[in-house]
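Each chain, letter by letter, is given below.
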Amino acid sequence: MKKPHIFLLLAIFISFLFPLRQVQSAAPSPYDLIAMVNDLRLNNNLPAMETDGALMAAAQMQSDYLADEYGTNFPSWDMGHIGAGGSYAIDRAAAAGYYVGPGWNVVENWAGGNNTTPLSEIVYSFWNDEAHMGNMLHQDVVHVGAGVTEGDGFVYYIIDFAVQYGSGGSSSGGVASTIPTTAVTPKVAPVTVAAPNEDGSIIHKVEIGQALWSIAAAYEVTVDQLLALNNLSVNALIYEGRTLLVQPAYTPTPSPTATQTPRPSTRTPIPAQTAQPVKTQASNSEDSSNSFLGLDRQTMGLALILISGIGLVLIIVGTMVKDKKPEPPQSE
């Protein structure tokens, strides 16, 4: 009789355990995120924002893109605002059908965390800086949209704010102020590529429903290139009838021309050469007449005097020897 009671107690325990886990693992909905941001605005004496169907679709599209593209490898803050095709928040809102004419802008907050991160930490800690708080407490916000995507151990949060500058937060713009019961599929107007002009430049005229990212994709350029060519900021507005420079005119390459180096007016003077004395030898006839046996006249004279002296000495010596010849003995 005790076994049925044990199984009954075990079944009751499991029935309480599994719903509790499901509640703990479930991520907040986009509307929970909007409600918490509206509470923040009310606490700062600002009116609550109205949700917009197109902005909800644009924000959800971006949170889905980040979840598929990055997963748990969360992107940098800048890269988290760039969506499919290099699009930005204002491009995605326009593609979803939200009106972003002159004087309008769409700003965005995004965050990524695990599925146990409280929503209050996202709003009051992750976004507790001047830029993110400035978006949530912007006095000219008229509509809002949010998206939440939960993956395997991570959650991405996106909230888009439509701003009409100078409106004070009230406007009849946008597409809808009610929450749609079905998902809104973003529709982008097709882009007809313009033919190049004679100088090679390409000018595109913006049509309704077109966005920077869709124009860039049609011309096979990047959004950053379009921004640079047209001196636009990241959150710049484009509207129907505006012209965008897609490709600048060709710059002709100058052909090289031959240049001649002018010759100097005067030639470089050559320094005069100084004649060097040349040693010449006396002729053979002159040498033969002035020398004998290779001796000059002075040497020959001295030799003759020496010979004469020697001869004279020999004569004198010979005479003296002759005079001293002994006489023969006399007989008695």
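Quantities reported herein were computed from a predicted structural model and do not represent experimental measurements.

K.L.:
How should I be thinking about the overall build of the protein in this particular structure?
P.N.:
On a plain count of helices and strands, the protein comes out with 10 helices and 6 strands. By residue count, 31% of the 332 residues in the protein fall in the buried class. Once local pairs closer than 6 in sequence are excluded, the contacts in the protein between residues at least 24 apart make up 71%. For the protein, the accessible surface area stands at approximately 22100 Å², while carbon and sulfur atoms represent 59% of it.

K.L.:
Teacher, can you tell me more about the pairing of strand β4 (residues 155–164) here?
P.N.:
Along any regular strand, the residues point their side chains to alternate faces of the sheet. Counting buried positions over the 10 residues of β4 gives 9, a clear majority of the element. Hairpin remark: strand β3 (residues 141–150) followed by β4, antiparallel, with 4 residues in the connecting loop; positive phi at Gly153, about 90°.

K.L.:
What should I look at first to understand a nonpolar patch on the surface in this one?
P.N.:
Side chains of Leu306, Ile310 and Leu314 sit close together on the surface and give an oily, nonpolar patch of about 310 Å² of accessible area. Residue position: Leu306 is located in helix α10 (residues 297–323). Taking relative accessible area as the criterion, Leu306 reaches 55% and is therefore assigned exposed.

K.L.:
Looking at this model, I keep getting lost on the packing of helix α2 (residues 30–43) against helix α5 (residues 119–126). Mind explaining?
P.N.:
Two quantities define a packed helix pair, namely the angle between the helix axes and the distance between the axes. At their nearest, the axes of α2 and α5 sit 10 Å apart, and the two run at 45° to each other. The orientation of α2 relative to α5 falls into the category oblique. Crossing handedness for the pair α2 and α5: right-handed. Every residue of α5 that contacts α2 at Asp32, Leu33, Met36, Val37 and Leu40 is listed here: Leu119, Ser120, Val123 and Tyr124. Taken together, the residues of the contact of α2 with α5 break down into 7 nonpolar, 1 polar and 1 charged.

K.L.:
Is there a simple way to explain the pattern of salt bridges in this structure?
P.N.:
Note on pairing: side chains with opposite charge can pair once their charged atoms come close. Under the defined criterion, the tally for this structure stands at 1 salt bridge. In this structure, Glu108 engages Arg92 in a salt bridge whose closest nitrogen and oxygen atoms are separated by 3.0 Å. Residue Glu108 is found in strand β2 (residues 104–113), and its partner Arg92 is found in helix α4 (residues 89–95); the two are separated by 16 residues along the sequence. Like Glu108, the residue Arg92 is buried in the burial classification.

K.L.:
Looking at this model, I keep getting lost on the packing of aromatic side chains. Mind explaining?
P.N.:
Where two aromatic rings form a pair, the distance of their centres and the angle of their planes describe that pair. A full pass over the atoms with the stated rule returns 6 aromatic pairs. Ring geometry for Trp110 versus Tyr156: centroids 6.3 Å apart, planes at 25°, classification stacked. One end of the pair, Trp110, is in strand β2; the other, Tyr156, is in strand β4, and 46 residues separate them in sequence. For Trp110, a relative accessible area of 2% gives the class buried. For Tyr156, a relative accessible area of 0% corresponds to the buried category. Between Phe154 and Tyr156, the ring centres sit 5.6 Å apart and the planes meet at 75°, which makes this aromatic pair edge-to-face. Of the two residues, Phe154 and Tyr156, both sit in the buried class. An aromatic cluster is present here, built from Phe74, Trp77, Trp110, Phe154 and Tyr156 joined pairwise through their rings.

K.L.:
Honestly, the confidence of the model for the protein in this entry has me stumped. Any pointers?
P.N.:
It should be kept in mind that the predicted coordinates are not to be read in detail where pLDDT is low. Across the protein, the average pLDDT comes to 77, with 67% of residues at 70 or higher. When the elements of the protein are averaged for pLDDT, helix α9 (residues 284–290) gives the smallest value, 49, and β4 the largest, 95. Every residue in residues 18–24 scores below 50 in pLDDT, and together they form 2 contacts with partners more than four places removed in sequence or on other chains. Note that pLDDT drops below 50 for residues 282–288; the model gives that stretch 1 contact with residues more than four away or on any other chain.

K.L.:
Just checking my understanding: could you explain the environment of Ser214 for this structure?
P.N.:
The residue Ser214 is located in helix α7 (residues 212–218) in this model. Sequence spacing of Ser214 and Gly86 is 128 residues, and the spatial spacing of their C-alpha atoms is 9.0 Å.

K.L.:
Is there a simple way to explain the side chain of His204 in this structure?
P.N.:
Among the secondary structure elements, His204 is positioned in strand β5 (residues 202–205). Reaching out from His204, the side chain makes a polar contact with the side chain of Tyr219 at a distance of 2.9 Å. Dropping the residues within four chain positions of it, His204 is found in contact with Val191, Thr192, Gln210, Ile215, Tyr219, Arg242, Thr243, Leu244 and Val246.

K.L.:
What is the right way to read unusual backbone geometry from this model?
P.N.:
Across the chain, the bulk of peptide bonds are trans and the bulk of non-glycine residues have phi less than zero. Residue Asn45 is not a glycine yet carries a positive backbone phi of 60°. On the secondary structure map, Asn45 appears in the loop between α2 and β1 (50–51).

Rules used in this analysis
- Residues numbered from 1 in each chain as written.
- Predicted model: local features only at pLDDT ≥ 70, side-chain atom pairs only at ≥ 80, totals over all residues.
- Heavy atoms only, no water.
- Helix = DSSP H or I, 4+ residues; strand = E, 2+ residues; numbered from the N terminus.
- Buried < 20%, exposed > 50% of the residue type's maximum accessible area, 1.4 Å probe, protein only.
- Contact = heavy atoms within 4.5 Å.
- Areas by Shrake-Rupley, 256 points an atom, 1.4 Å probe, with all protein chains shown as cover.
- Pairing = 2+ DSSP bridges.
- Patch = residues over 30% accessible without salt bridge, like charges linked within 9 Å, V, L, I, M, F, W, Y side chains within 5 Å.
- Salt bridge = Lys/Arg side-chain N within 4 Å of Asp/Glu carboxyl O.
- Axes fitted to C-alpha atoms, helices over the stretch in contact; angles between N-to-C directions.
- Parallel < 35°, antiparallel > 145°, perpendicular 65-115°, else oblique.
- Left-handed = near helix turned anticlockwise from the far one by under 90°.
- Nonpolar A, V, L, I, M, F, W, Y, C, P; charged D, E, K, R; others polar.
- Phe/Tyr/Trp six-rings, centres within 6.5 Å; stacked < 30°, edge-to-face > 60°.
- pLDDT = per-residue confidence, 0-100.
- Polar contact = N/O pair within 3.5 Å; in protein donor to acceptor, adjacent residues only side chain to side chain.

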